[in-house]
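Here is how the chains run, residue by residue.
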Amino acid sequence: AMAAFVGYCVQANGGHWATKMTLGGADWPSGSPPEQWDALPAASKWQIILFVGMLELFDESVAPHYMMGRKPGMFPSFSDAYAEGEGYPHPVPFDLFDPFGSLRKRMDTEEKRARGRLIEINNGRAAML
């Protein structure tokens, strides 16, 4: 939600990628974020919707289900699901949360993970002030 809010603010203030929007050389649309969405080609909208749908389908297909015991907010690992024979039928090279596995190495003990969660909660509380 925080990344979506920041992205909305950046778009509302005219920020966009430095490259062209399409391979044909079309520029990025201007205006407010809803106007930018309306100005996107239909293929771009479908690409975004189908990508999010594939993420949702993967999330629903990996046990334990988020309504049946998985930690709230935890998205399953692509590589772990592939190793267990769940999810997508082919390997996905990178995970969404920790694509290069660097966090897994730093958070190897339960004490480090508990400290990291406490820091994240405190940062969230400070941001609400």
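Given the structure is predicted, the values throughout are model-derived calculations rather than measurements. (Residues numbered from 1 in each chain as written. Predicted model: local features only at pLDDT ≥ 70, side-chain atom pairs only at ≥ 80, totals over all residues. Heavy atoms only, no water.)

1. So, the confidence of the model for the chain
Averaged over the chain, the pLDDT score is 85; the fraction of residues at 70 or greater is 100%. For the chain, per-element mean pLDDT is lowest for helix α5 (residues 102-106), which scores 77, and highest for helix α3 (residues 42-61), which scores 90. (pLDDT = per-residue confidence, 0-100. Helix = DSSP H or I, 4+ residues; strand = E, 2+ residues; numbered from the N terminus.)

2. Examining the nonpolar core
In terms of nonpolar packing, the biggest core is built from six residues, these being Leu55, Phe58, Val62, Phe78, Ala81 and Tyr88. If near-sequence neighbours (up to four positions away) are discounted, Ala81 is found in contact with Phe58, Val62 and Glu86. (Core = buried A, V, L, I, M, F, W, Y, C linked by side-chain atoms within 4.5 Å. Buried < 20%, exposed > 50% of the residue type's maximum accessible area, 1.4 Å probe, protein only. Contact = heavy atoms within 4.5 Å.)

3. Regarding unusual backbone geometry
Leaving glycine aside, a negative phi is the common case for residues, and trans is the common case for peptide bonds. Here the residue pair Ala63 and Pro64 is connected by a cis peptide bond, since its omega of -10° sits within 30 degrees of zero. Take Pro64: it is sitting in the loop between α3 and α4 (78-83).

4. Let's talk about the side chain of Gln36
Relative to the helices and strands, Gln36 resides in helix α2 (residues 33-39). Here Gln36 falls in the buried class, since its relative accessible area comes to 10%. Not counting the four nearest positions on each side in its chain, Gln36 is found in contact with Gln11, Pro29, Ser30 and Gly31.

5. Observations concerning the layout of surface pockets
To find leftover empty space, a probe the size of one water molecule is rolled over the atoms. The calculated volume of the largest pocket comes to roughly 1,200 Å³. In terms of lining, the largest pocket is formed by 28 residues, of which the most central are Met74, Phe75, Phe97, Leu103 and Arg113. Examining the composition of the lining of the largest pocket, we find that six residues originate from one element, helix α6 (residues 110-128), more than from any other. Counted by class, the lining of the largest pocket contains 14 nonpolar, three polar and 11 charged residues. Counted as a void, the second largest pocket has a volume near 640 Å³. Gln11, Trp17, Trp28, Gln36 and Leu40 are the residues nearest the centre of the second largest pocket, which is lined by 20 residues in total. (1 Å grid on protein atoms, 1.4 Å probe; cavity = no way out; pocket = protein on both sides within 12 Å on 5 of 7 lines; lining within 4 Å. Points joined across faces, edges and corners; volume = space filled by probe spheres on them. Nonpolar A, V, L, I, M, F, W, Y, C, P; charged D, E, K, R; others polar.)

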